[in-house]
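# Structural features, examined
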Amino acid sequence: MPQNLLLLFELLGTVAFALSGAMVALSKKMDIFGVAVLGLVTAVGGGVIRDLVLGITPPATFKNPVYATVAIIVSVAAFVPAIRRFLFAKPGLYDKFLLLMDSIGLGIFTVVGIETAYIAGHSSSWFLLIFVGVITGCGGGILRDILAQNTPAVLVKHFYASASIIGAVVCILLWKLFGQSAAIIGGAFSVLVLRLLAAKYQWSLPKPENDFE
Amino acid sequence: MPQNLLLLFELLGTVAFALSGAMVALSKKMDIFGVAVLGLVTAVGGGVIRDLVLGITPPATFKNPVYATVAIIVSVAAFVPAIRRFLFAKPGLYDKFLLLMDSIGLGIFTVVGIETAYIAGHSSSWFLLIFVGVITGCGGGILRDILAQNTPAVLVKHFYASASIIGAVVCILLWKLFGQSAAIIGGAFSVLVLRLLAAKYQWSLPKPENDFE
Amino acid sequence: MPQNLLLLFELLGTVAFALSGAMVALSKKMDIFGVAVLGLVTAVGGGVIRDLVLGITPPATFKNPVYATVAIIVSVAAFVPAIRRFLFAKPGLYDKFLLLMDSIGLGIFTVVGIETAYIAGHSSSWFLLIFVGVITGCGGGILRDILAQNTPAVLVKHFYASASIIGAVVCILLWKLFGQSAAIIGGAFSVLVLRLLAAKYQWSLPKPENDFE
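Before going into details, it helps to say that this report is about the structure given with it. It should be emphasised that the depicted structure is a prediction, and the values quoted were computed from it without experimental measurement.

## Brief notes about the overall build of chain A
Within chain A, the secondary structure is distributed over 10 helices and zero strands. Along the chain direction, N to C, the helices and strands of chain A fall in the order α-α-α-α-α-α-α-α-α-α. Against the compact-globule benchmark of 17 Å for 213 residues, chain A has a radius of gyration of 17 Å, which places it among compact chains. C-alpha extents for chain A along the principal axes are approximately 50 × 50 × 30 Å. Relative to its full complement of 213 residues, chain A shows a buried share of 56%. Sequence-distant contacts in chain A: of pairs separated by 6 or more residues, those separated by 24 or more amount to 75%. Distance between charge centres in chain A, computed from 14 positive and 10 negative side chains, equals 9 Å.

## Observations regarding the environment of Gly113(A)
Residues and elements named next belong to chain A. Locating glycine 113 in the fold gives a position in helix H6 (residues 91-119). Distance from glycine 113 to isoleucine 130, taken between C-alpha atoms, is 8.7 Å for residues 17 residues apart in sequence. Among all residues touching glycine 113, those that are not within four sequence positions of it are Arg50, Val132, Gly133 and Thr136.

## As for the interface of chain B and chain A
Between chain B and chain A, the contact holds 27 residues from the first and 30 residues from the second. Summing the contributions of chain B and of chain A, the shared interface buries around 2500 Å²; its carbon and sulfur component is 69%. Sorting the residues of chain B by area buried against chain A places Lys29(B), Phe33(B) and Phe62(B) first, and these three jointly supply 27% of that buried surface. Here chain B and chain A share zero salt bridges between them. Linking chain B with chain A are three residue pairs in polar contact (both at pLDDT 80 or more), by the criterion used here. Sorting the residues of the side of chain B that touches chain A by element identifies helix H1 (3-27), helix H2 (32-54), helix H3 (60-63), helix H4 (66-79), helix H5 (81-89) and helix H7 (126-147) of chain B as the ones contributing at least two each. Within the side of chain B that touches chain A, the residues separate by chemical class into 18 nonpolar, five polar and four charged.

## A closer look at the nonpolar core
Within the largest apolar cluster, 209 residues are counted, with the highest numbers of intra-cluster contacts made by Leu19(A), Leu38(A), Leu19(B), Leu38(B), Leu19(C) and Leu38(C). For Leu19(C), the contacting residues outside a window of four places in its chain are Val74(C), Ala78(C), Leu87(C), Leu98(C) and Met101(C).

## Thoughts on the interface of chain B and chain C
On the chain C side, the residues contacting the 30 residues of chain B number 27 residues. Together, the buried faces of chain B and chain C total about 2500 Å²; carbon and sulfur atoms form 69% of this surface. Our enumeration of links across chain B and chain C arrives at zero salt bridges. On the surface where chain B and chain C come into contact, there are three residue pairs in polar contact (both at pLDDT 80 or more). Of all the elements, H7(B) adds the most residues to the side of chain B that touches chain C, at five residues. Its residues assigned to classes, the side of chain B that touches chain C shows 18 nonpolar, nine polar and three charged.

## A closer look at the packing of aromatic side chains
All names here are of chain A. Counting across every chain of the model gives 15 aromatic pairs over all chains. Considering the side-chain rings of tyrosine 118 and tryptophan 175, the 4.0 Å spacing of their centres and the 5 degrees angle between planes classify their relative orientation as stacked. In this pair, tyrosine 118 is assigned in helix H6 and tryptophan 175 in helix H9 (residues 161-178), connecting sequence segments 57 residues apart. According to the relative accessible area criterion, tyrosine 118 is buried, its value standing at 15%.

## Examining the pattern of salt bridges
All names here are of chain A. In the structure shown here, the tally under the stated rule is nine salt bridges over all chains. The shortest N-O distance in the salt bridge between arginine 144 and aspartate 145 comes to 2.9 Å. Comparing arginine 144 with aspartate 145 shows no difference in burial state: the two are buried.

## Some details on the relation of the copies chain B and chain A
Note: a rotation about an axis with an accompanying shift along it relates these two copies of the chain. You can overlay chain B on chain A at an RMSD of 0.0 Å; the transform is a turn of 120 degrees with a shift of 0.0 Å along its axis. As the rotation angle and translation indicate, the two copies are arranged about a three-fold axis.

## Brief notes about unusual backbone geometry
Residue and element names in this part refer to chain B. In this chain, threonine 57 is followed by proline 58 through a cis amide linkage whose omega measures -10 degrees. With respect to the helices and strands, the residue proline 58 is situated in the loop between H2 and H3. Of note, the phi angle at lysine 29 is positive, near 60 degrees, even though the residue is not glycine. When you line up the elements, lysine 29 lands in the loop between H1 and H2. Judged by its relative accessible area of 35%, lysine 29 is partly exposed. Of note, glutamine 149 is a non-glycine position whose phi angle comes to about 60 degrees, a positive value. Looking at the element boundaries, glutamine 149 is found in the loop between H7 and helix H8 (153-156). For glutamine 149, a relative accessible area of 28% corresponds to the partly exposed category.

## Focus on the relation of the copies chain B and chain C
Mapping chain B onto chain C calls for a screw motion: a turn of 120 degrees about the axis and a shift of 0.0 Å along it, with 0.0 Å RMSD after fitting. A share of only 10% of the interface residues of chain B reappears at the interface of chain C, consistent with the copies meeting through non-equivalent patches.

## A word on helix H6 (residues 91-119) of chain B
Between its first and last C-alpha, H6(B) extends 41 Å over 29 residues, near the 42 Å set by a 1.5 Å rise per residue. Gly121(B), located one to two residues past H6(B), shows a positive phi value of around 90 degrees.

## Things to note about the side chain of Glu115(C)
All names here are of chain C. Positionally, glutamate 115 belongs in helix H6 (residues 91-119). Within the buried set, glutamate 115 has no salt-bridge partner at all; the shortest N-O distance to an opposite charge, 8.0 Å, is to arginine 50. In this structure, glutamate 115 is in contact with Leu6, Trp175, Gln180 and Ile184, ignoring residues within four places of it in sequence.

## Re the packing of H6(C) against helix H7 (residues 126-147) of chain C
Residue and element names in this part refer to chain C. At a closest axis distance of 7 Å, the pairing of H6 and H7 adopts a crossing angle of 140 degrees. Judged by the inter-axis angle, H6 sits oblique to H7. When you trace H6 past H7, the crossing you get is right-handed. Contact residues: Leu106, Phe109, Thr110, Gly113, Ile114, Ala117 and Tyr118 in H6; Leu129, Val132, Gly133, Thr136, Gly137 and Cys138 in H7. Looking at the contact of H6 with H7 residue by residue, the classes come out as eight nonpolar, five polar and no charged.

## Overview of the packing of H7(C) against helix H9 (residues 161-178) of chain C
Residue and element names in this part refer to chain C. The contact between H7 and H9 brings their axes to 9 Å, and the two run at 135 degrees. When the interaxial angle is binned, H7 and H9 end up oblique. With respect to the hand of their crossing, H7 and H9 are arranged in right-handed fashion. Residues Trp126, Leu129, Ile130, Gly133, Val134 and Cys138 of H7 form the contact with H9, whose own contacting residues are Ala161, Ser164, Ile165, Ala168, Val169, Ile172, Leu173 and Lys176. Across the contact of H7 with H9, the residue classes tally to 11 nonpolar, two polar and one charged.

Scoring rules and cut-offs
Per chain, the residues get numbers from 1 upward, laid out in the order the sequence is written. Ligands are numbered from 1 and chains lettered from A, in the order in which they are written. Totals for whole chains, interfaces and linings use every residue, but because this is a predicted model, local features are given only for residues with pLDDT of at least 70 and side-chain atom pairs only at 80 or more, for both listing and counting. Processing note: side-chain calculations cover all non-hydrogen atoms of the structure and skip hydrogens and water entirely. Each helix corresponds to a stretch of at least 4 residues labelled H or I by DSSP, and each strand to a stretch of at least 2 residues labelled E; elements are numbered beginning at the N terminus. All radius of gyration figures rest on C-alpha atoms, and the globule criterion is 2.2 Å times the number of residues raised to 0.38. Summary of the burial criterion: residues with accessible area below 20% of their type's maximum are buried, those above 50% are exposed, and those between are partly exposed, where the area comes from a 1.4 Å probe applied to protein chains only. Here, two residues are considered to be in contact whenever any of their heavy atoms come within 4.5 Å of each other. Under the counting rule used here, the positive set is Lys and Arg, the negative set is Asp and Glu, and His together with the chain ends is not counted. Charged side chains are reduced to one point each, which is NZ for Lys, CZ for Arg, CG for Asp and CD for Glu. By buried area we mean the combined loss of accessible area, with a 1.4 Å probe, across both parts when two parts are placed together. The salt bridge definition used is simple: a Lys or Arg side-chain nitrogen within 4 Å of an Asp or Glu carboxyl oxygen. Counting of polar contacts relies on pairs of N or O atoms within 3.5 Å, with two restrictions inside protein: one atom must be capable of donating a hydrogen and the other of accepting it, and residues adjacent in sequence are counted only when both atoms are side-chain atoms. Any residue that is not Ala, Val, Leu, Ile, Met, Phe, Trp, Tyr, Cys, Pro, Asp, Glu, Lys or Arg is counted as polar, Gly included; the first ten are nonpolar and the last four charged. Side-chain atoms within 4.5 Å are what join buried Ala, Val, Leu, Ile, Met, Phe, Trp, Tyr and Cys residues into a set we call a nonpolar core. The aromatic pairing rule takes the rings of Phe, Tyr and Trp, using the six-membered ring of Trp, and pairs them if the centres are within 6.5 Å, calling planes under 30 degrees apart stacked, those over 60 edge-to-face and the rest tilted. Our superposition of the copies is a least-squares fit, built on the C-alpha atoms of residues whose pLDDT is at least 70 in both. In this scheme, a helix's expected span is set at 1.5 Å multiplied by one less than its residue total. Axis lines are fitted through C-alpha atoms, for helices just across the contact stretch, and the angle between N-to-C directions can take any value from 0 to 180 degrees. An angle below 35 degrees is read as roughly parallel, one above 145 as roughly antiparallel, one from 65 to 115 as roughly perpendicular, and any other as oblique. Here is the rule for handedness: rotate from the far helix to the near one, and if that takes an anticlockwise turn smaller than a right angle the crossing is left-handed, while a clockwise turn gives right-handed.

See the structure below:
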């Protein structure tokens, strides 16, 4: 897999995640600092939790702050009314654009998490590999929702973390069978396709029946 | 102390903690994924925080995922309406059963946390030993309540964390006086007895008087 | 810089932060245990996050629990009605006293965080240095607000974290130009002055315009 393409996808995912954090902050009427922090946390928070769990300190985002810088710039840009009006001019188009980027981000971040664990020498524990993949993909959004006092979206948004989990399993299987490149492409692609299908056909997971008090 | 008995108690505590997380998720109308995640986090979250504080990475739960697996199975089972109806058929009995298991879990997890710190070579710092005992016992519940947007129960539930703290002190004292077995049995037993007495006689700690605005 | 003076300032900051945590807990009608925990978490939480990010385990506060002990004593004292009545007798004076101590604490904790990173050998990454400074200063308050279910004050309180960020930059610049003493004094002083000016003149950062839905 061309390294440049992976870098480009990671940047796309960072932009999408930063935008989602900034949007939540704006909806909570936070000031420009809060918007920048929430965008930053959403974009890099998952990777920080992953690195702490793997014992990689300081976490990678502090050694190479390019993603953090992009996340801050994107968040501050989202704060500018003219840019926001542009983004909101066609809500349908904007929503589709954000869904696509967010899905690419979720897929890329999931496989990057697994790749990080492999590089750190943790290739034998399935549970750890899946966990670091999913927390890299979903952790930033969880921190965003905790800070913004929202119910964490992953706990109620149908088929978001589920797509990340399935993609993580696909990624690990492909890694063991065909090696790194197939795993990264196949895993990220699985998440992307599942997310887009789930959004189109409004998949949902079983919820408790009404008999529960 | 027979190792098998400790393992059995740890499993009991895991089941009780997973159930408490699943019940909170069900009361928030989360879907089956949210229920499984909240059950899992409640059961293993305290140990993960403990290991991060002690520098044990990846945390033990990722190296030996038996407890995590049990927690997920229990949570998914609690999602099944028939099982839920059975558990709720006799609310009084269910509550007593959950209280007993939760108290066993709190006691066992508290002493396991202290044991982990001892094994990691931190036997001299009382503050650290008490902290890791209490965070192993209470940390999962704190994460559960943060994710579910509830006020953390340990901050308002009378004599929950207090029982864990007293049990931790008893455990450390016994360890220094009589060694590991006495510490584990005596510490866990103290927590269990204190929790049951507190529940029976409704002990509560002083709260601020009404003069406070 | 005289080491004793730094120690005194750190104690002052600890007292102020513990008080702010205890006050939040009291306003939420928590019992004496909740008050002590929230005061403790507010005072030492930022340093714990900093140490985990830097890979310093167990975090410093567990090796030298003097600050934790002070935080608990202060929090329990704030619980006593007579002391509270005394503090609230002159709300204006109390507010000014708390603002001054909190600003000293924020300044000291910010530069202590940067100093810790320098000592741990991370002098080259600006992003890391600023982050650990700000998280040492603001992290305890963030944990306090998450546990108390408040919107994190740093995300909405004008010019709080901003003062910490600017002070961190001043500190790092001074460190590179004139060494440690100038950096610690100049950095902490910058935060203090900015906070007091911001409070006096009610500085605020731009917020989203009303056109945002």
